[in-house]
There are 2 protein chains.
Amino acid sequence: MPSYTAPVRDTLFVLNEVLDIQRYAALRGYADATPDVVQAILEGAAKLAEEVLQPLNAVGDRLGCTRHPDGSVTTPPGFKGGFDEYVAGGWIGLSMDPEYGGQGLPHAISAAVEEYVISANMAFAMYPGLTQGAIAAITAVASEEQKRRFIPPMIEGRWMGTMNLTEPHCGTDLGLLRTRAEPQADGSYRITGTKIFISSGDHDLTENIIHLVLAKLPDSPDNVKGISLFIVPKVDVNEDGSLGAANAVSVGSIEEKMGIHGNATCVMNYDGATGYLIGEKDKGLRAMFIMMNAARLLVGMQGLAISEVAYQNALAYARERLQGRALTGPKNAAGKADPIIVHPDVRRMLMDVKAFNEGARALALWGALLVDLADVAATPEDRQEADDLVGLLTPVIKGFFTERGYLNATNAQQCLGGHGYIREWGLEQFVRDARISMIYEGTNGIQALDLVGRKLPMNGGRAYKAFCKLIVAFLNPLAAEPAFAEFFLPLQKALGDLQAATGWLARNGIVNPDNAGAGSMPYLQLMGLVSLGFMWAKIAKLAQEAIAADRDPDGFHATKLATARYYFSHVIVETATQRAKVEAGAAHVMALAAEAF
Amino acid sequence: MPSYTAPVRDTLFVLNEVLDIQRYAALRGYADATPDVVQAILEGAAKLAEEVLQPLNAVGDRLGCTRHPDGSVTTPPGFKGGFDEYVAGGWIGLSMDPEYGGQGLPHAISAAVEEYVISANMAFAMYPGLTQGAIAAITAVASEEQKRRFIPPMIEGRWMGTMNLTEPHCGTDLGLLRTRAEPQADGSYRITGTKIFISSGDHDLTENIIHLVLAKLPDSPDNVKGISLFIVPKVDVNEDGSLGAANAVSVGSIEEKMGIHGNATCVMNYDGATGYLIGEKDKGLRAMFIMMNAARLLVGMQGLAISEVAYQNALAYARERLQGRALTGPKNAAGKADPIIVHPDVRRMLMDVKAFNEGARALALWGALLVDLADVAATPEDRQEADDLVGLLTPVIKGFFTERGYLNATNAQQCLGGHGYIREWGLEQFVRDARISMIYEGTNGIQALDLVGRKLPMNGGRAYKAFCKLIVAFLNPLAAEPAFAEFFLPLQKALGDLQAATGWLARNGIVNPDNAGAGSMPYLQLMGLVSLGFMWAKIAKLAQEAIAADRDPDGFHATKLATARYYFSHVIVETATQRAKVEAGAAHVMALAAEAF
């Protein structure tokens, strides 16, 4: 059976040293996030993840969710108890607005907590995760009355939320959707249609579920400009907030899928269900994108979180499994064989995953910090820059983290040989669970298009320029430091590849937009590699300083330095190929007629 | 539900044009493989795969195999009927020795058939696949009496075979194995021990199963030099070939695993079972490696076969699914959206898979041809060269094909978006099934070590030199052809990367063997990319010639040329990164102490 230990020490290193969040102590939210408070929160979250949620992960996968003959849905055994503990710990409202019952702590802290919860039990984590997204959308566009009616019960853990976008014939292209909303005399709407792939669509964890549903009004344009957003509660909610009658919402079926069996992925039928318009008529997509942007960072975190737990279990196996001898002579001469961690190819896989995980943790928490700063930074310029950067990094974190997360889970599984393929060892579940993250909340291809087609050119490339400027500003003072050259040079080269690829896209995407489309995924990978390189360069600098100042009693920083060296010698070298793929253009991608394939 | 159409046209192209097997018409086996016969065989195999075996694939995944309270094992519904048709068609003995009931056709033909059978139903294909391996081992080392007793019933499909290597505490390192063989007065042995991960370990498809079991004799060294190979029938076999008493062989359990549920992966208990030594005492590993080399080519074929069927289903979806508009303006203006095959990133995925599949098909069948030539070529020099080349290419085909096969299945799944994650669409099964191929018959890490540590240096690098010489001999006459430059230059560059990496390994592997180990997997990838590049260059040349001679009425060769262009612009460019990873060496891979991870 797999196990999990939350990487609290590494999270604290990122928050305290890499991001130095105490710099922001004057800002809203950060004032309360003193080092002691942060450590206590992380340790509490670690305990919840390790002791309550992780033990429910395998059983959730094995037994899944059940739709009963009466149409009700139950989660796997133990999930309800686990959720009650989650609620009792106040974890849902950690970074929510105190106005509605939240604790108002920084997203940088709640994102760290989310990593642990997902590592322990991704299918479980999706229930509160989607609720957070629903709260974000309601917060962004609903009326004050609606906020007071719907948000506090969700923060209290009495209700949850879902997102209802996809229909059988449309996912990415929401302009095609068919769900209708008919205005009623009392100002409400009757919602009719079928939604599919609805995560956490129904369950027994809370007394009510607040579905956010995209639908079209009868007089709206039948395209993306005619989509409105509705709250459709599972049980209707009276104006005083008390529960009313059951709504005309039902679960057609639970999808049979590759993984995340502990989460009920539902076909939802709305049969004239009562709904409440939130935000402006026909502006529903805007609200949904607010929700989705938060969700995309969370999905990116799934890539990291699964990669981390898969790594821990592969590492434990590699240290214990005795098989063969080191190429350089026995390392466990007293035993009949050496532990397989002596073998270079096993280490290659472990180092790949480790170097990703620690760099990605820094990048993910930087992203969460930017979400905070976009809201609370001291000056409009700082808020703008933070907003630009998080907009740019969101598709990178979603797309790069989830692809690597899946590949890392696969590599971790590989470390176990045949045992990796067997259920009881748990690695194969990580691979199956990780797989969905590349698909939902916009496939990774959509992330790449968002990056290349929107985020790069937006405002004359302002976000991209800010990103490069940060890296250049970090690198420039280090240009003459020989001891830093092993990190400086590969990052400079990788940044050069990124800049060349960006220039190529700018020039050739105008000539033919297919050039931008064809290069979008390798470009996303390239920017992911550079972003992690930036994190690793910062980490290497901090580690060098700590070691030079004799502040590394347990070798933590020495290990960081060694891992940074691996990243810059074995991982970031991939930028050359990604650049070549961008610059190869669209001609040979698009050459064949559809029927010639 | 997924579907499958065997790529008969492409197989014929490879056999007739790329490999030009009619050149070998004077050789044993090939004399009978006239173009008409080959086409009829492939069409028959296609019919079996498409109409009989593919419809059993999803049900096999869903229902799996069952171990009953009496210890017996049954395969999924329909498998027995499917196997009976497989036997009736004479497919088992296609390339087996006519001396024992086979048809003596070339391996190049049976390998093509295997691709179809695996694409249709990988779990099913493993039953006869392991039987072929068992026959190969018995053929190689058993006495004539043993061959006559055990091989014909396997070729007739009355019995099957298995390989029993792995034990709970050892897989790769067989020197650790504990299964014991005690000599009996009648010349037989009593076999006692537990074997795990035994594919096709028990089933209801045949009246008997011939287990090949590795075990140690009491007086043998307790290491790899003390392993012998035994035939242990499920039901004992009398000297006249008739069935005797049930043997002391039982199935402890069927493993619960990630995929290939239609194949019974068993824990096998041998409790003083009667076994018959085959080959020499203490030389069992040599025989097992003969079996394993054949099996490794077959496992490589699994990578291609799953990639092909996954591709076909992704392509069908991409042609039909309407979603969004082409970046260059509507392509299906009459509809509400364009088919997603218009989107460059969807095409990128499809072209990646297509370019792999067609190049890999050529390489796989070349490998099978080399197996034949190693046996029947006209001169000792030709036989030696073929044997060298197939030895070199076996780990490449196994390791490269299975890794790409898995990634390609993942990419194909990605083309379906959310539907790719849902069971009924079948793509997720392909991913789960493909995953095992990277692990069994020696993990891909073991393949990489075999390539770099054994096959490269063997006989002073003779095989590697022969491989490079073939490519250079192909390229040299084309150096001055401007129309071929777009293929010549990238292949020349990739070959340069391979040669540089080989030189680096030769120099630095001697200094420190960890350098060879650390670079072994990127080196394997690099050689895979060059090998496929060699195939694609040959294909491009043939296509150019056909088009120039007006021999391309249906555009088949024009499509080949376009796909070759994709391979040389978007795929082979990866050699630069793989070379960089080889040349990055072992220092940063091995830097951390095991406890520092």
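Everything below is about the structure printed above this text.
We now turn to the structure provided with this report.

Parameters at a glance
- Residues numbered from 1 in each chain as written.
- Chains lettered and ligands numbered in written order.
- Predicted model: local features only at pLDDT ≥ 70, side-chain atom pairs only at ≥ 80, totals over all residues.
- Heavy atoms only, no water.
- Helix = DSSP H or I, 4+ residues; strand = E, 2+ residues; numbered from the N terminus.
- Least-squares fit on C-alpha atoms with pLDDT ≥ 70 in both.
- Contact = heavy atoms within 4.5 Å.
- Salt bridge = Lys/Arg side-chain N within 4 Å of Asp/Glu carboxyl O.
- Buried < 20%, exposed > 50% of the residue type's maximum accessible area, 1.4 Å probe, protein only.
- Axes fitted to C-alpha atoms, helices over the stretch in contact; angles between N-to-C directions.
- Parallel < 35°, antiparallel > 145°, perpendicular 65-115°, else oblique.
- Left-handed = near helix turned anticlockwise from the far one by under 90°.
- Nonpolar A, V, L, I, M, F, W, Y, C, P; charged D, E, K, R; others polar.
- Buried area = accessible area lost by both parts, 1.4 Å probe.
- Polar contact = N/O pair within 3.5 Å; in protein donor to acceptor, adjacent residues only side chain to side chain.

### Focus on unusual backbone geometry
- The phi dihedral of Ser200 of chain B is positive, around 55°, even though this residue is not glycine.
- For Ser200 of chain B, the location among the structural elements is in the loop between β5 (189-198) and β6 (208-216).

### Thoughts on the relation of the copies chain A and chain B
- Rotating chain A by 180° and translating it 0.0 Å along the rotation axis places it on chain B, where the RMSD comes to 0.0 Å. Here the copies are linked by what is in effect a two-fold axis. When C-alpha distances to the rotation axis are compared across chain A, the minimum falls at Thr577 of chain A, with a value of 3.1 Å.
- In this assembly the copies share their binding face: 100% of the residues contributing to the interface of chain A also contribute to that of chain B.

### A few points about the pattern of salt bridges
- Throughout the structure, instances matching the rule amount to 75 salt bridges over all chains.
- The shortest N-O distance in the salt bridge between Glu256 of chain B and Arg62 of chain A comes to 3.0 Å. Here Glu256 of chain B, found in the loop between β10 (249-254) and β11 (266-278), pairs with Arg62 of chain A, found in helix α3 (residues 57-63), and the two come from separate chains.
- Judged by relative accessible area, which is 44%, Arg62 of chain A ranks as partly exposed.

### With respect to the packing of helix α2 (residues 35-53) of chain A against helix α4 (residues 79-88) of chain A
All names here are of chain A.
- Running from N to C, α2 and α4 point in directions that differ by 165°, and their axes come no closer than 11 Å. As the angle between them shows, α2 and α4 are arranged roughly antiparallel. Crossing of α2 against α4: the hand is right-handed. Seen from α2, the contacting residues are Leu48, Val52 and Leu53; seen from α4, they are Gly82, Glu85 and Tyr86.
- Class assignment of the residues belonging to the contact of α2 with α4 gives a composition of four nonpolar, one polar and one charged.

### Digging into the interface of chain A and chain B
- Facing 91 residues of chain A, the contacting portion of chain B comprises 91 residues.
- Contact with chain B buries area across many residues of chain A, yet Tyr421, His588 and Phe597 of chain A alone supply 11% of it, more than any other trio.
- Our count for the chain A to chain B interface comes out at six salt bridges.
- Measuring nitrogen to oxygen at the nearest pair gives 2.6 Å for the salt bridge that ties Glu574 of chain A to Lys581 of chain B.
- Taken together, the connections running from chain A to chain B amount to 50 residue pairs in polar contact (both at pLDDT 80 or more).

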